[in-house]
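# Remarks on the overall topology
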Protein chains: 2
Amino acid sequence: MSLTNATPLEVAQAAQLGSRKLAVLSTEDRNAALTAIHQALADAKDEVLAANRKDLEAANKAAAGGQLSQSLIKRLDLGKPGKYEDMLQGILDVRELEDPINRTTARTLLDTDLTLTRVTCPIGVLLIIFEARPEVIANISALALKSGNAAILKGGRESSNSFAAIASIISRALQSTAVPSDCLQLVQTHDVIKDLLALDMYIDLCIPRGGNKLVRFVKSSTAIPVLGHADGICSTYLCADYPVEKAIRILVDAKTSYPAGCNAVEQLLVDEDALGRTFPAVAKALLEKGVSLRCDEASLAALENANIGDKTSVQGATDADFHTEFLDLILAVKSIKGVEEAISHINAHSSHHTDAILTLNEDVANAFLAGVDSSSVYWNTSTRMADGQRYGFGTEVGISTNKIHSRGPVGLEGLTIYKWVIKGDGQVSADYGAGEGKRRWKHERLPVSEGDEVARSEEEKEVLRRFRTGEIRL
Amino acid sequence: MSLTNATPLEVAQAAQLGSRKLAVLSTEDRNAALTAIHQALADAKDEVLAANRKDLEAANKAAAGGQLSQSLIKRLDLGKPGKYEDMLQGILDVRELEDPINRTTARTLLDTDLTLTRVTCPIGVLLIIFEARPEVIANISALALKSGNAAILKGGRESSNSFAAIASIISRALQSTAVPSDCLQLVQTHDVIKDLLALDMYIDLCIPRGGNKLVRFVKSSTAIPVLGHADGICSTYLCADYPVEKAIRILVDAKTSYPAGCNAVEQLLVDEDALGRTFPAVAKALLEKGVSLRCDEASLAALENANIGDKTSVQGATDADFHTEFLDLILAVKSIKGVEEAISHINAHSSHHTDAILTLNEDVANAFLAGVDSSSVYWNTSTRMADGQRYGFGTEVGISTNKIHSRGPVGLEGLTIYKWVIKGDGQVSADYGAGEGKRRWKHERLPVSEGDEVARSEEEKEVLRRFRTGEIRL
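Residues numbered from 1 in each chain as written. Chains lettered and ligands numbered in written order. Predicted model: local features only at pLDDT ≥ 70, side-chain atom pairs only at ≥ 80, totals over all residues. Heavy atoms only, no water.

### Focus on helix H2 (residues 27-43) of chain B
Residue and element names in this part refer to chain B.
- Between the first and last C-alpha of H2 there are 24 Å, a value that for 17 residues agrees with the 24 Å anticipated at 1.5 Å per step.
- Along H2, the positions that sit buried rather than exposed are Arg30, Asn31, Ala33, Leu34, Ala36, Ile37, His38, Ala40 and Leu41.
- The inward-facing, buried residues of H2 abut helix H1 (8-23), helix H3 (45-64), helix H5 (83-96), helix H6 (136-146) and helix H7 (160-174). (Helix = DSSP H or I, 4+ residues; strand = E, 2+ residues; numbered from the N terminus. Expected span 1.5 Å × (residues − 1). Buried < 20%, exposed > 50% of the residue type's maximum accessible area, 1.4 Å probe, protein only. Contact = heavy atoms within 4.5 Å.)

### A closer look at the environment of Leu214(A)
Residue and element names in this part refer to chain A.
- As for its position among the elements, Leu214 is in helix H9 (residues 212-220).
- Distance in space between the C-alpha atoms of Leu214 and Ala230 is 8.1 Å, their sequence separation being 16 residues.
- Contacts of Leu214, omitting those with residues within four sequence positions, involve Ile129, Pro208 and Arg209.

### A word on the relation of the copies chain B and chain A
- Screw-axis analysis of chain B against chain A gives a translation of 0.4 Å along the axis, an RMSD of 1.3 Å, and a rotation angle of 180°. Here the two chains are linked by the operation of a two-fold rotation axis.
- Comparing interface residues between copies, 100% of those in chain B also lie at the interface in chain A; the contact surface is shared. (Least-squares fit on C-alpha atoms with pLDDT ≥ 70 in both.)

### Some remarks on the pattern of salt bridges
- Counted by the stated rule, this structure contains 50 salt bridges over all chains.
- The salt bridge partner of Arg445(A) is Glu98(B), with a shortest N-O separation of 3.0 Å. Of the two residues, Arg445(A) sits in strand E17 (residues 444-446) while Glu98(B) sits in the loop between H5 and strand E1 (104-111), which places them in two different chains.
- Taking relative accessible area as the criterion, Arg445(A) reaches 64% and is therefore assigned exposed. (Salt bridge = Lys/Arg side-chain N within 4 Å of Asp/Glu carboxyl O.)

### Regarding the interface of chain B and chain A
- Facing 88 residues of chain B, the contacting portion of chain A comprises 89 residues.
- For the pair chain B and chain A, the two sides together bury roughly 7700 Å², of which 56% comes from carbon and sulfur.
- At the junction of chain B and chain A, the tally comes to 14 salt bridges.
- Notably, a salt bridge pairs Arg468(A) with Glu460(B), separated by 2.7 Å at the nearest N-O pair. (Buried area = accessible area lost by both parts, 1.4 Å probe.)

### A short note on the sheet that holds strand E6 (residues 205-208) of chain A
All names here are of chain A.
- The four strands lie next to each other as E5-E4-E3-E6, forming an open sheet whose pairing is parallel. Unpaired on one side and paired on the other, strand E5 (184-186) and E6 mark the two borders of the sheet. Across the sheet, the axes of successive neighbouring strands diverge by a mean angle of 15°, strand direction being ignored.
- Pairing geometry for strand E3 (residues 125-130) and E6, over four bridges, is parallel. Among the inter-strand pairings, Leu126 is bridged to a residue of E6, identified as Leu205.
- The sheet contacts of helix H7 (residues 160-174) involve E3, strand E4 (150-155) and E5, and relative to E5 the element is tilted by about 155°. (Pairing = 2+ DSSP bridges. Axes fitted to C-alpha atoms, helices over the stretch in contact; angles between N-to-C directions.)

### Observations concerning the UniProt feature "domain: Aldehyde dehydrogenase" (unreviewed entry) in chain A
- The positions UniProt marks with the feature "domain: Aldehyde dehydrogenase" (unreviewed entry) are residues 11-285 of chain A.
- Taken end to end, residues 11-285 of chain A is 48% helix and 17% strand, and its two terminal C-alpha atoms sit 53 Å from one another. (UniProt positions renumbered as here; feature names shortened; annotations may be inferred.)

### Focus on the sheet that holds strand E13 (residues 376-379) of chain A
- A sheet is described by the order of its strands in space; here eleven strands give the open sequence E10(A)-E9(A)-E11(A)-E8(A)-E7(A)-E12(A)-E13(A)-E16(B)-E2(B)-E1(B)-E17(B), paired in mixed fashion. On the outer flanks of this sheet lie strand E10 (314-316) of chain A together with strand E17 (444-446) of chain B, each paired with one strand and no other. Averaged over all pairs of adjacent strands, the angle between strand axes in this sheet comes to 25°, irrespective of strand direction.
- Pairing between E1(B) and E17(B): three bridges, direction antiparallel. Looking across to E17(B), one finds that Leu109(B) is bridged to Glu444(B).
- Across the sheet, helix H10 (residues 244-256) of chain A touches strand E7 (234-238), strand E8 (265-271), strand E11 (330-336) and strand E12 (354-358) of chain A, and the angle it forms with E8(A) is around 155°.

### Here we look at the domain arrangement of chain A
- Partitioning chain A into structural domains gives domain 1 (8-220) and domain 2 (234-387).
- If you average the C-alpha positions of domain 1 of chain A and of domain 2 of chain A, the two centres end up 36 Å apart. (Domains from an automatic or database assignment.)

### Focus on the packing of aromatic side chains
- With the rule as written, the count across this model stands at 14 aromatic pairs over all chains.
- A centroid spacing of 5.4 Å and a plane angle of 55° characterise the contact between Phe393(A) and Trp420(B), whose relative ring orientation is tilted. Here Phe393(A), found in the loop between helix H15 (388-391) and strand E14 (398-400), pairs with Trp420(B), found in strand E16 (residues 416-423), and the two come from separate chains. For the residue pair Phe393(A) and Trp420(B), the accessibility class agrees, reading buried in each case.
- Taken together, the aromatic side chains of Tyr391(A), Phe393(A), Tyr418(B) and Trp420(B) make up a single cluster linked through ring pairs.
- When the ring centre of Phe322(A) is taken as reference, the NZ or CZ atom of Lys334(A) above it lies at 6.0 Å.
- A cation over a ring is seen here: Arg118(B) above Tyr418(B), with NZ or CZ 5.3 Å from the ring centre. (Phe/Tyr/Trp six-rings, centres within 6.5 Å; stacked < 30°, edge-to-face > 60°. Lys NZ or Arg CZ within 6 Å of the ring centre and 35° of its normal.)

Below is the structure:
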C-alpha cells in the first residue's frame, strides 16, 4: 500500500496497472497476501496502537473544544479490549470466503466446437471513501484483494494516524507477496478526492460510505459509477392482525438497537384498523425506550384517546418528518388505509433501502413485498436485519440503494463483474444465418461446470423425481 | 404509448407511476400486452408504411442535397420485402423468451422460520435513445415490457413519422391490456433529452444507442447510470502458429462482413514471429477485399519484403490510428512481441469491447483471455460474434463496455435487478450475536426454487450419471 506524494493521476494509473496484475493472480496468491497482511498487523500491534493513541489525543482535544462527539471518540479507539483482535480475525474471515472470481456462471454451446462462457472477474479499480473507524481500512483492503480489485482508499481524517500506520504495514507486507503494492493506495488529503473523481478512465467504481452529504457530493461530481446509499429512510407497516408482543419486539429492535444505523426504522405506518388496537401498546413500549413520536392527526388522536405519552414525547408530524432520516430516537407515525396506500407512501417517501410489513395475512404480505420498490423488503422482522454479515456474506463493503449492479448489502459478489469468453475453431459470423447454406446456432445451455449435476431434460428431471419417491433405487 | 406535449418532468413521473404497476403484473399480463401490440401492428401495416414513406421522401430530398447517405436511407425503409414481418416476428420472439423477472436466484436459511431470498425484478424506468431505424422502436418496446420496465423512448429524427405512427398504434393496443400506456412514452424533440437526463429521481437507467458523440454527451450530462459503449475498437492478435486459411477467414469476416459495426476489428496485432509467415497472406486477402492497411514499421517492412500492396492501400500508421474506431475498410496493424505485449497494448488501446487471439497454443490463449480486460474475449473466432442474438439472448438492447451491472451484449437479464426478501416470524437483530444467550445465524444455502431439479446429494448425482449412461431407464 503506497502512501506517496503521487498526484491523483499517478495514483489512479498505478492502481489500474496494479489491478491488471492482481486480476490474473490465483486464489492462492490472493489468499497468501491476506495471510501476510494478517501476520504483519498482528506483529505490529504496538506500532498501530501508538498511532491510534495520537488520533485519540487529537480527538479528545477536539471534543473538549466541542467539535467532536464522545460517540465518535469511542469508535476511534482501536485499543478497546478485543477490538484489534476482531480486526485481525476479519481479515482471516474474508480469506476463508469462497473465491468470487473466475467462477463460470453460464455456458452455452453456440455450435460444434464453439462455446460461450460467462466468467466472473474483478471490476478493476475501486475508490472507497470511508468513515473514521480505524479497523475499516483492514476490512476493506481484505475485501478488495479477495475480489481481485485494486483500491484507492480515503478514510475519515480523525483516524489519519491510525490509517497511515496500518497502510504502511500493509504495504510492507505486500512486498513479500505476488500482489503489487500499488493495488492498495491510501490517499491522505481530502482535496485529492475531487481530482480522483474526474479520473473515470482509470477508476471503475466509487463506493462512498458515510453521511448523505458525502454521497450526494460524490454522485453529483463524477462520471464514475457510484455504489451506495445517500439515506436510510426505512418504514415498517403495522397491520391490525399482527400480535402486539411481536410487534413491540420488532419495532423496539428496529428503532432502538442502533438508532444511528441506516437500517433503523424512521417511519411507522399504522393501518387505521390497528390505531385503536395494537398501536397504543407499541407506542407505549417505544416511549419507554426513550423514543419520541411525530404523529399524524389520526395516530395522535389514537394516543390521546389511550392516554399515552406527553407533549414532549408525542408531537404532531410535519410533512418534512416523512422525508427525514432522523438517525436518532425519533419515529414518524402515519395512519394508513390498506396495503396499497402503504406501498404508495413508501415508494414516494422511503429511500428504497429496507421496508417491512407486520401482518399474519400472506396475501397482504406478498402484495407488499412485490409492490415496494426497495432493495430489501421484509415480512415480520426488523429492518435492522439489512446487513451483509446477517445476510451471510461474511462481511459487507456497504449497502446500495442503486437500481443497477448490486442492491442491498454488498458483499464480495458486488465487487465482481464478468467477461464473456468464446472458444472456437475458426468459425466466423458470416457462416450463420437463416439463408440456404448457412449454419444455424445451437444455443444449447450447458451445465455451468463439469461437476454441476443439473437435470438437463424433462426425462432427467423425471428420473430425479422417481428416485426421490423411491420408485427408482441405486 | 403516449405522444403528448407533456413536460419532461410529467413524462418521467408518469413513467415511474406506470412502472410500479407494470412491475407487479404477471407473466401472462405482460405477454398478453406483447400479443396485443403484435396484432395491432399487423393490422395497421398500411398506416405505418404510409408514415414510413413520408420519412423516406424527406430522406431522399436530404440525400439529394447531400445531407444524408444512401446507406442510411436503406435502413429507413420499412417497406422492403420481409422487413415489416421481421419486425412483427421480433415481438413474438421476445414474448417467447423466459420471463426474466420474479426469478429466485438465491435462498438462504438465516434461522428457523427466517429465510432470505433474492428475487429478480425490473429496474424501473429506462430512457432509451436510439438510431433512426423504424423497426427498433417495436423491438425495444417489447424488451422493456417483457422485462417489466417502463421506457421513455427517443428515436433518430429521420424516422420520426414512422416512430409516431408505431407509437400511437402501440398506445391504442395497450389500452385493452393490463399495462398502463404511460409505461411506453415516445418523446419527439431532441431538446427534451437534456431535461430528461436531469431527472435521476425518476429515471433509473439510460441506454444511448448510437455514435460515440451521443454516448459521451449522455455520460457527461447525467447522474443517471448509463449503459452502453462509446467506441468499438476491437483487436485481433495473430500468433505465428495459427493456420493461415483460418486466420484469413476470421480476419476477413471480422473486418469486412459489416465494417460499420461496433464489433468489427480495427486493429490487427501480428506477433513478430508471424510477420514473415502468415501475415503477408492475410494482408493480401484483406487487400483483395478492399481493406486499407495502416502498418507500423515492422509490419510495413514485412509487406514490402513480400511485395504485397501498394502506396494507397498500405500506409504507415500514426499513433492516432491505434486509438481510432474506423467504422470503415481500414485496419491498423502493429507487430507485437509475445502475448504479454499484446495484452498490454489491448488494455491500453482497445475500448474494452471485444478482442480476440488466434493461436493453437492453449496456454497462450488462456493468458490472453484472462489478461485482456474487455467485455468479450475470444479464442480463434471473429470479433463479429459479439451480438446478443448470436449469444442466444434472443435479441439485445445494446452492448455495454461498462465495468458494472451488465457487460457485453445486453439482453433481458441486463434489464433486471433484484430485491432481497426476508420472511420471518418476529425475529429481531438483537437476538443474534456471539455472546451468551444469543442465537447464532444458520446461513444455510437452500436450493433456489422448489421446481429446481438440481441433484442435491451424491446419490442423486449418481442416479443422473447412471441414467445418462443408460444403466437406469425410465
